[in-house]
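What follows is each chain in one-letter form.
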Amino acid sequence: MDPKTVGERLRALRKERGATLAELSEETGISVSTLSRLESGGRRPTLELLMPLARAHQVPLDELVGAPQTGDPRVHARPIRRGALTFLPLSRRPGGVQAFKWIFPARYEPHAELQRHEGYEWFYVLYGRVRLRLGDHDLTLEEGEVAEFDTRTPHAISNPYDQAAELLSLFGPQGERMHVRARTGPKDAGSRP
């Protein structure tokens, strides 16, 4: 158990709740200075310290210490809301390619400006349809359709339609690319992946 990694998790959980060190200290009975040293990685976490923190943050102890999952392989996703948009993280490994399920409510058009950032995105429309503005393109993607693009290209995904839409999305850092293979004709039939 790496104290720095545990500390980063503790800080992220506290900030996610919007709690101060003083509030957490009052809730757990652990001094503010001890909490601060735990979060900075300057103090080795012990079971006596982690148990009240796990209760306060309402997470399993395994999640605090980054214990590998055993037994149940299911991902227990916690929905995250950003305004009217809901997304569920489907992968737990930090870094690398991340998987998400996005739920776009009907008539969801968050901003007129196209966004750009580092990365590469791939998404599949599970249900409904969405609008993808990508550079000079303005596309409607329906159930079963896929898009992939470098996120440094100005883009926006919205749902101006009358029903909700759901997407499965893979996002990779620093231009990392999802590899999609498709056979386009008889010439490729004998090739091996």
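Quick summary incoming for the structure in this document. (Residues numbered from 1 in each chain as written. Predicted model: local features only at pLDDT ≥ 70, side-chain atom pairs only at ≥ 80, totals over all residues. Heavy atoms only, no water.)

## Some thoughts on the nonpolar core
Here's step 1: Core analysis: the biggest nonpolar cluster contains 17 residues, and Phe-104, Phe-123, Val-130, Leu-132 and Leu-167 have the highest contact counts within it.
Here's step 2: At the level of secondary structure, the elements contributing two or more residues to this core comprise strand S2 (85-89), strand S3 (98-104), strand S4 (120-127), strand S5 (129-134), strand S7 (146-150) and strand S9 (165-172).
Here's step 3: Leu-24, Leu-50, Ala-54 and Ala-56 belong to the second largest nonpolar core, which has 15 residues in total. (Core = buried A, V, L, I, M, F, W, Y, C linked by side-chain atoms within 4.5 Å. Buried < 20%, exposed > 50% of the residue type's maximum accessible area, 1.4 Å probe, protein only. Helix = DSSP H or I, 4+ residues; strand = E, 2+ residues; numbered from the N terminus.)

## Thoughts on the sheet that holds S5
Here's step 1: Spatially, the 3 strands line up as an open sheet ordered S6-S5-S8, and their pairing is antiparallel. Of all the strands in the sheet, the pair left with one neighbour each is strand S6 (137-142) and strand S8 (155-158). Pairwise comparison of adjacent strand axes, ignoring direction, gives a mean angle of 15 degrees for this sheet.
Here's step 2: Bridge analysis of S5 against S8 gives 4 bridges, and the strand direction is antiparallel. Pairing of Leu-134 across the sheet is with His-155, part of S8. (Pairing = 2+ DSSP bridges. Axes fitted to C-alpha atoms, helices over the stretch in contact; angles between N-to-C directions.)

## Let's talk about the side chain of Thr-28
Here's step 1: With respect to the helices and strands, the residue Thr-28 is situated in helix H2 (residues 21-28).
Here's step 2: Polar contacts involving the side chain of Thr-28 include one to the main-chain carbonyl oxygen of Leu-24, which spans 2.8 Å.
Here's step 3: Leave out the neighbours within four places in its chain, and Thr-28 touches Pro-52, Leu-53 and Ala-56. (Polar contact = N/O pair within 3.5 Å; in protein donor to acceptor, adjacent residues only side chain to side chain. Contact = heavy atoms within 4.5 Å.)

## Let's talk about the packing of H2 against helix H4 (residues 47-57)
Here's step 1: For the pair H2 and H4, the least separation of the axes is 10 Å and the interaxial angle reads 110 degrees. Of the possible angle classes, the one that applies to H2 and H4 is roughly perpendicular. Every residue of H4 that contacts H2 at Leu-24, Glu-27 and Thr-28 is listed here: Pro-52, Leu-53, Ala-56 and His-57.
Here's step 2: In terms of residue class, the contact of H2 with H4 is built from 4 nonpolar, 2 polar and 1 charged. (Parallel < 35°, antiparallel > 145°, perpendicular 65-115°, else oblique. Nonpolar A, V, L, I, M, F, W, Y, C, P; charged D, E, K, R; others polar.)

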